[in-house]
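The residues making up each chain are set out below.
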Amino acid sequence: MTTTGHKSKNKLVQLELPVDVKNKLDDIFAKDGTTTPQALKMIATQIANRGFSPFTTLHYEQYSEPVSAELEAKLREDELKIMGYLPDDTDEFADEQSLNQAFEKITNHKTLHNNSN
């Protein structure tokens, strides 16, 4: 069967995924009542409608004052640490008491700093 005079407004996009990744996606999206192809189509449509990629994370200019290059670099570094691409050098606290002591130290430092200005 052929149709004439009608052109599809859709484009076919194909991708190859490792079997285990595809199976995990199927399980995840099935819990939402959808299939992997349907979910990926929804994700692509949302990205196109929003006008930016979720992988370009520094869109501060869209909702606030521009950030300094220093702050942007620090935020990017923190993000890479969270994602596991850089070693995480955050302090770890063994118990609530040590956490409270660290918080007090920071609070006292800020109070002293503010009083000196």
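Residues numbered from 1 in each chain as written. Predicted model: local features only at pLDDT ≥ 70, side-chain atom pairs only at ≥ 80, totals over all residues. Heavy atoms only, no water.

Focus: a nonpolar patch on the surface
There is a patch of nonpolar side chains on the surface, built from Leu15, Leu17, Val21, Leu40 and Ile43 and spanning about 380 Å² of accessible area. Along the chain, Val21 turns up in helix H1 (residues 19-31). (Patch = residues over 30% accessible without salt bridge, like charges linked within 9 Å, V, L, I, M, F, W, Y side chains within 5 Å. Areas by Shrake-Rupley, 256 points an atom, 1.4 Å probe, with all protein chains shown as cover. Salt bridge = Lys/Arg side-chain N within 4 Å of Asp/Glu carboxyl O. Helix = DSSP H or I, 4+ residues; strand = E, 2+ residues; numbered from the N terminus.)

Section: the pattern of salt bridges
Following the criterion strictly, the structure yields 4 salt bridges and no others. Here Asp26 makes a salt bridge to Lys22, at a shortest N to O gap of 2.8 Å. Taken together, the residues span about one helical turn, with Asp26 and Lys22 both in helix H1 at a distance of 4 residues. Look at Lys22 and you get partly exposed, because its relative accessible area is 31%. Lys81 is the partner of Glu77 in a salt bridge, and the nearest nitrogen-oxygen pair spans 3.1 Å. (Buried < 20%, exposed > 50% of the residue type's maximum accessible area, 1.4 Å probe, protein only.)

Describing helix H2 (residues 36-50)
An α-helix turns once per 3.6 residues; consequently, residues spaced three or four apart project the same way. The end-to-end C-alpha distance of H2 is 21 Å, a good match for the 21 Å that 15 residues give at a rise of 1.5 Å each. Of the residues trailing H2, Gly51 is marked for its positive phi of about 90°. (Expected span 1.5 Å × (residues − 1).)

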